[in-house]
Amino acid sequence: MEHEQLDSSSARPAGRSSLARQLGWFGGGVALAVVLALTRDMQAAPAPPGDTVLWAVDRDAHRLYGLDRDLLIGRSVPVQRPLDVEATADGGTWVLRSEDGTSNSTMRLNRHDPRGALITELYLERVRDLDIFERMDALVLEHVNGSVRLARVREEGSLFPLLVRADLACVSGSSGSILCGTDTGRILRLDPVSGAVSMDVPLEGPISDIAPGPTPGSAWALDTRGLGRLYLLAPDLSIRWASGVGFACAHVAPVPGEERVWIADLNSPRVRRIGPAGVVELDRQSLPLGGLDRVIPWRDGGALALAPGAILHVAMNGNLAPGQGGFAWLSDAARVR
């Protein structure tokens, strides 16, 4: 497939959608006290923060934050209406931001270096999903002319279209290839250079999220209809096992190198950890904040659950550990590996 490169006027050095979730209100002084005790004030760090190990984007505060292993904020970078973030191999980021803070507007894709300095700004139409290939190039699903275009974007802003289909819903880099899930319930594996589809496998329902699996070439796929259904797929995209999630969900958060994922409940303050063969290993309910969507597997075997105003730290055993608070509307985070 012949590559197409953007005109230099579209990509120049210099800067996703509004999350479909609502803040879960919690009542009473007890719940408030728990939140305050388990989150840190951004302005009251007890010691200078260390190296950035987590990037987080706050849509309403217009900030890209760099946090250390203790979730202390060491960097604060002005970015207008950021909605999605992916960490790169050099410690920098790709940040997708909306023109008006909603999912229906045109968008811009920013590439930032490890210090948060802007390298590239790319103008895009409405974007459905953002991911990363080999921890370097951005992968975007962009609405173009009534369809959805998968494109690969390099650091300097050159854009290479790979595939155009009306039903593309989610994308992920995967062991030298690219995986896409579709609204029509199909999983596609593509060549990252030509865009040629080498595998096309049907599942039962629309796929809203996809991620690399625990072994090279394997994949996690999430059907978010109803109470959700999680699939672990082999490298040939055959089903190793499938399991019901049990609640409304939007994203799957795999533990790297393990047959294990975290998933947040969209409608209640709850997260689950699902392990081998689809067994529910942990079901942590009654968290002090709702409005959950994204979960980030963390270094202690636990996970970070993102609420609009705070990062909740759920330890491996389900107990709460110190997190971070004070955000305006936290929309996404990405771990620096």
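Residues numbered from 1 in each chain as written. Predicted model: local features only at pLDDT ≥ 70, side-chain atom pairs only at ≥ 80, totals over all residues. Heavy atoms only, no water.

**Student:** If you had to explain the nonpolar core to someone new, which residues and values would you point to?
**Tutor:** Trp-262, Val-271, Leu-287, Leu-292, Val-295 and Leu-312 are the most contacted members of the largest nonpolar core, which totals 16 residues. Secondary-structure elements contributing two or more residues to this core are β22 (261–264), β26 (303–306) and β27 (310–314). In terms of residues, this core owes the most to one element, β27, which gives 3 residues. When sequence neighbours within four positions are dropped, the list of residues in contact with Leu-312 reads Leu-287, Pro-288, Leu-289, Leu-292, Ala-303, Leu-304 and Ala-305. (Core = buried A, V, L, I, M, F, W, Y, C linked by side-chain atoms within 4.5 Å. Buried < 20%, exposed > 50% of the residue type's maximum accessible area, 1.4 Å probe, protein only. Helix = DSSP H or I, 4+ residues; strand = E, 2+ residues; numbered from the N terminus. Contact = heavy atoms within 4.5 Å.)

**Student:** Give me the confidence of the model for the protein chain: which residues, what numbers.
**Tutor:** The share of residues in the protein chain with pLDDT of 70 or more is 86%, and the mean pLDDT across the chain is 88. Here residues 1–34 is a poorly scored stretch, pLDDT under 50, and it has 83 contacts once near neighbours within four places are set aside; other chains count. (pLDDT = per-residue confidence, 0-100.)

**Student:** Tell me what's going on with the packing of aromatic side chains, and back it up with residues and numbers.
**Tutor:** Taken as a whole and judged by the stated rule, the model has 2 aromatic pairs. Arranged with centres 5.6 Å apart and planes meeting at 65°, the rings of Tyr-65 and Phe-327 form a pair that is edge-to-face. Here Phe-327 lies in the loop between β28 (320–325) and β29 (330–335) and Tyr-65 lies in strand β3 (residues 63–67), a separation of 262 residues in the sequence. Comparing Tyr-65 with Phe-327 shows no difference in burial state: the two are buried. Their ring planes at 70° and their centres at 5.6 Å tell us that Trp-220 and Trp-241 sit as a pair that is edge-to-face. One end of the pair, Trp-220, is in strand β18 (residues 219–223); the other, Trp-241, is in strand β20 (residues 239–244), and 21 residues separate them in sequence. Here Trp-220 matches Trp-241 in class, with each residue buried. For the cation-ring pair, Arg-299 lies above Trp-298, with the distance from its terminal atom to the ring centre recorded as 5.9 Å. (Phe/Tyr/Trp six-rings, centres within 6.5 Å; stacked < 30°, edge-to-face > 60°. Lys NZ or Arg CZ within 6 Å of the ring centre and 35° of its normal.)

**Student:** Outline the environment of Arg-59, listing residues and values.
**Tutor:** For Arg-59, the location among the structural elements is in the loop between β2 (54–58) and β3. For the pair Arg-59 and Ser-98, spaced 39 residues apart in sequence, the C-alpha to C-alpha distance is 9.1 Å. A distance of 2.7 Å separates a polar atom in the side chain of Arg-59 from a polar atom in the side chain of Asp-60. (Polar contact = N/O pair within 3.5 Å; in protein donor to acceptor, adjacent residues only side chain to side chain.)

**Student:** An account of the pairing of β20 is requested, with residue identities and associated values reported.
**Tutor:** Note that strand β19 (residues 229–233) and β20 share 5 bridges and pair antiparallel. Residue pairing across strands places Arg-229 opposite Gly-244, the latter belonging to β20. Between the end of β19 and the start of β20, which pair antiparallel, lie 5 residues, with Leu-237 showing a positive phi angle near 70°. (Pairing = 2+ DSSP bridges.)

**Student:** So, the side chain of Glu-142: which residues are in play, and what are the values?
**Tutor:** Relative to the elements of secondary structure, Glu-142 occurs in strand β10 (residues 137–144). For Glu-142, a relative accessible area of 4% corresponds to the buried category. A polar side-chain atom of Glu-142 sits 2.6 Å from the main-chain amide nitrogen of Glu-125. What Glu-142 contacts, discounting residues up to four positions off in sequence, is Leu-124, Glu-125, Arg-126, Val-127, Ser-147, Val-148 and Arg-149.

**Student:** So what's going on with the pattern of salt bridges? Which residues, and what values?
**Tutor:** Summed over all chains, the structure comprises 21 salt bridges. Of the charged contacts in the structure, one is a salt bridge between Arg-272 and Asp-283, with a shortest N-O distance of 3.3 Å. On the criterion of sequence distance, the pair formed by Arg-272 in strand β23 (residues 271–274) and Asp-283 in strand β24 (residues 280–284) is long-range, its members being 11 residues apart. Asp-283 gets classed as partly exposed once you look at its relative accessible area, which sits at 27%. (Salt bridge = Lys/Arg side-chain N within 4 Å of Asp/Glu carboxyl O.)

**Student:** Quick one: what's the story with the sheet that holds β29, residue by residue and with numbers?
**Tutor:** What the 4 strands build is an open sheet, ordered β4-β3-β2-β29; its pairing is antiparallel. On the outer flanks of this sheet lie β4 (73–78) and β29, each paired with one strand and no other. Each adjacent strand pair in this sheet contributes to an overall mean axis angle of 20°, direction not counted. Pairing of β2 with β29 involves 5 bridges; the strand directions are antiparallel. (Axes fitted to C-alpha atoms, helices over the stretch in contact; angles between N-to-C directions.)

**Student:** How would you sum up the sheet that holds β22? Please name residues and give values.
**Tutor:** Pairing between sheet strands relies on hydrogen bonds along the backbone, with the strands arranged either parallel or antiparallel. Pairing is antiparallel across the open sheet formed by 4 strands, whose spatial order is β21-β22-β23-β24. What marks the edges here is a single partner per strand, and that holds for β21 (253–254) and β24. Note that β22 and β23 share 4 bridges and pair antiparallel. Each bridged residue has a counterpart across the sheet, and for Trp-262 the counterpart in β23 is Arg-273.

**Student:** Explain the state of the cysteines to me, using residue names and the numbers behind them.
**Tutor:** The final tally for this structure, using the stated rule, is 0 disulfides. The cysteine Cys-170 is free of any disulfide, with Cys-180 supplying the nearest cysteine sulfur at 7.3 Å. (Disulfide = S-S within 2.5 Å.)

**Student:** Help me get a handle on unusual backbone geometry, residues and values and all.
**Tutor:** Unlike most non-glycine residues, His-62 shows phi in positive territory, near 55°. In this structure, His-62 sits in the loop between β2 and β3. Residue Leu-71 is not a glycine yet carries a positive backbone phi of 65°. Within the secondary structure, Leu-71 sits in the loop between β3 and β4.

**Student:** Go over the environment of Gly-157, please, and point to the residues and values.
**Tutor:** Within the secondary structure, Gly-157 sits in the loop between β11 (147–153) and β12 (159–165). Note on Gly-157: relative accessible area 1%, which makes it buried. Taking C-alpha positions, Gly-157 is 7.0 Å from Glu-121, a pair spaced 36 residues apart along the chain.

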